[in-house]
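A structural walkthrough
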Amino acid sequence: MPASSRHHLVVVGGGFGGLQLVNALKGTPLDITLVDKRNHHLFQPLLYQVATTLLATSEIAWPIRRLYRDRPEVTTLLAEVEGVDTRAKTLRLANGDSISYDTLVLATGATHAYFGNDEWEAVAPGLKTLEDATTIRRRLLLAFERAEIETDPAAREALLTFTIIGAGPTGVELAGIIRELAQSTLPKEFRRIDTRTTRVILVEAGPRVLPGFSEDLSAYAHRALEKRGVEVRTGQRVTACTQAGVTIDDSLVACRTMVWAAGVQASPAARWLGIEADRAGRAVVEKNLTAGGHPDIFVIGDTASVLRVDGTPVPGIAPAAKQQGAFVAKVIRARLNGQAEPAGFRYRHQGSLATIGKRSAIIDFGRFKMKGTLAWWIWGIAHIYFLIGTRSRFAVAWSWLWSYLRGHHSARLITQRETMRDGSADGRAE
Ligand SMILES: Cc1cc2nc3c(=O)[nH]c(=O)nc-3n(C[C@H](O)[C@H](O)[C@H](O)COP(=O)(O)OP(=O)(O)OC[C@H]3O[C@@H](n4cnc5c(N)ncnc54)[C@H](O)[C@@H]3O)c2cc1C
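Here the structure is a predicted model, which means the values were calculated and not measured.

Points about unusual backbone geometry
At Thr53, a position not held by glycine, the phi torsion is positive, near 75 degrees. Among the secondary structure elements, Thr53 is positioned in the loop between helix H2 (47-51) and strand E4 (61-63). Of note, Arg359 is a non-glycine position whose phi angle comes to about 60 degrees, a positive value. Counting through the fold element by element, Arg359 comes out in the loop between strand E23 (352-357) and strand E24 (360-365).

Right, dumping it as structure tokens:
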């Protein structure tokens, strides 16, 4: 607890929304406590490149504490929030402690949803955290290693089959880059297997890949994936994920590595507040992003259900979370200064980008659309721009340049043991 008598703002979540809020409040006379269960801010849009060995974890994540070293009014706490007592105006932490607040902002994001099939997670992990990314990376690398020593052709084929479930941006990006890895980076390094025979299957229950994009861009992405050798299966439903493989429309595909990129579930912020949530568990908020009739509690980003002026939902993407963080900063500053609060939050969509693989991306700025190599360069420059700090920008640009020129992926160390499906341990490179 801050010792001063200044207004105490508690922000839970140092993701895109939370950081934008704290950044926008620089110079405002109040004490801020920023609570996160992880010690780092994560640039999720490039997480798939960690999962597929192109980037190292430290290139896309930054210790939150360091980001605010020059802001003495900001206290960073590594702690997990488990509940809110709105009457006592306190947060309950997992270690049993509590923190009191004058104003509370919940920016706790979302995680993956398995639509009631949570047991699939063990074999088909989702991609949301650095731990997820390194787990997927380990499984990916171990699959090739095991295939190299496997003598049974059917087992080897299953090891060299990778299934991605869900063809949104993350699924498409993963499928494209795994094929590139198998096609360009790995073949010269293996002697007993031909990594170019690797099957990458992308399954989507809906009628097309990248449903958030226009039909022509989605069709382009579909063609670009197939040209790279990805098997795209749209309109097909996954009905089981087990150690034997993935069942697609009742037909089993023997496969040892699966990644779940299909569903999103908001953090339990709505439950903590005991307020209405939408189907994805997002807290339904007012126009000024306050929640549950509490003027001193805001919910923003992926964990909030916010509507646009036309009634459609604001998408769960980084710019939306950042805009909401900036908006709440304005409201808080206006209140502290005794000024009129800004009118309700209005989301401005700045465009959508997705990459399919080297020299192939799509951009949708509404009237202006683009696909192919130029779109890929713009995608790359935009992502480098949004990273934090010069070192990260140089590091990522260098890794990309090296991969572009030499086809080399440098983050390929297997550093932890993976429990095998028979319960034994593997991953001898520990
Ligand atoms: C793989 C992937 C790729 C993506 N690609 C893109 C993209 O290309 N473009 C784009 O715009 N968006 C993309 N997104 C979506 C984007 O990352 C999110 O919309 C954005 O991160 C939401 O910001 P947020 O602040 O709401 O939550 P987050 O950024 O997720 O931050 C939430 C924070 O809350 C913390 N937290 C959660 N629960 C607790 C708790 N109980 N106690 C304490 N701390 C807690 C978490 O540790 C985390 O730091 C992607 C997401 C993923 C997963």
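With respect to the environment of Leu181
Positionally, Leu181 belongs in helix H6 (residues 169-185). Through-space distance from the C-alpha of Leu181 to that of Gly407 is 8.2 Å; in sequence the pair is 226 residues apart. Setting aside residues up to four positions removed in sequence, Leu181 forms contacts with Thr52, Thr53, Leu140, Phe144, Leu186, Pro187 and His409.

Considerations on the nonpolar core
Leu46, Ile60, Phe144, Leu202, Val209 and Leu225 are the most contacted members of the largest nonpolar core, which totals 63 residues. Setting aside anything within four residues of it in sequence, one finds Val209 in contact with Ala167, Val172, Leu202, Ser218, Ala221, His222, Leu225, Val232 and Thr234. The next biggest cluster of nonpolar side chains, apart from the first, holds 50 residues, and it includes Leu91, Ile99, Val105 and Phe345.

Details of the sheet that holds strand E20 (residues 290-291)
Strand pairing within a sheet occurs via backbone hydrogen bonds; the two strands may be parallel or antiparallel. Spatially, the 6 strands line up as an open sheet ordered E5-E2-E1-E9-E21-E20, and their pairing is mixed. One side of each edge strand has no neighbouring strand; the edge strands of this open sheet are strand E5 (74-78) and E20. In this sheet, strand E21 (residues 294-299) lies alongside strand E9 (residues 103-106) in parallel orientation, the contact comprising 3 bridges. Note on E21: the bridge partner recorded for Leu106 is Val299.

Conventions and cut-offs
- Residues numbered from 1 in each chain as written.
- Predicted model: local features only at pLDDT ≥ 70, side-chain atom pairs only at ≥ 80, totals over all residues.
- Heavy atoms only, no water.
- Helix = DSSP H or I, 4+ residues; strand = E, 2+ residues; numbered from the N terminus.
- Contact = heavy atoms within 4.5 Å.
- Core = buried A, V, L, I, M, F, W, Y, C linked by side-chain atoms within 4.5 Å.
- Buried < 20%, exposed > 50% of the residue type's maximum accessible area, 1.4 Å probe, protein only.
- Pairing = 2+ DSSP bridges.

What is shown is where atoms sit, not what they do.
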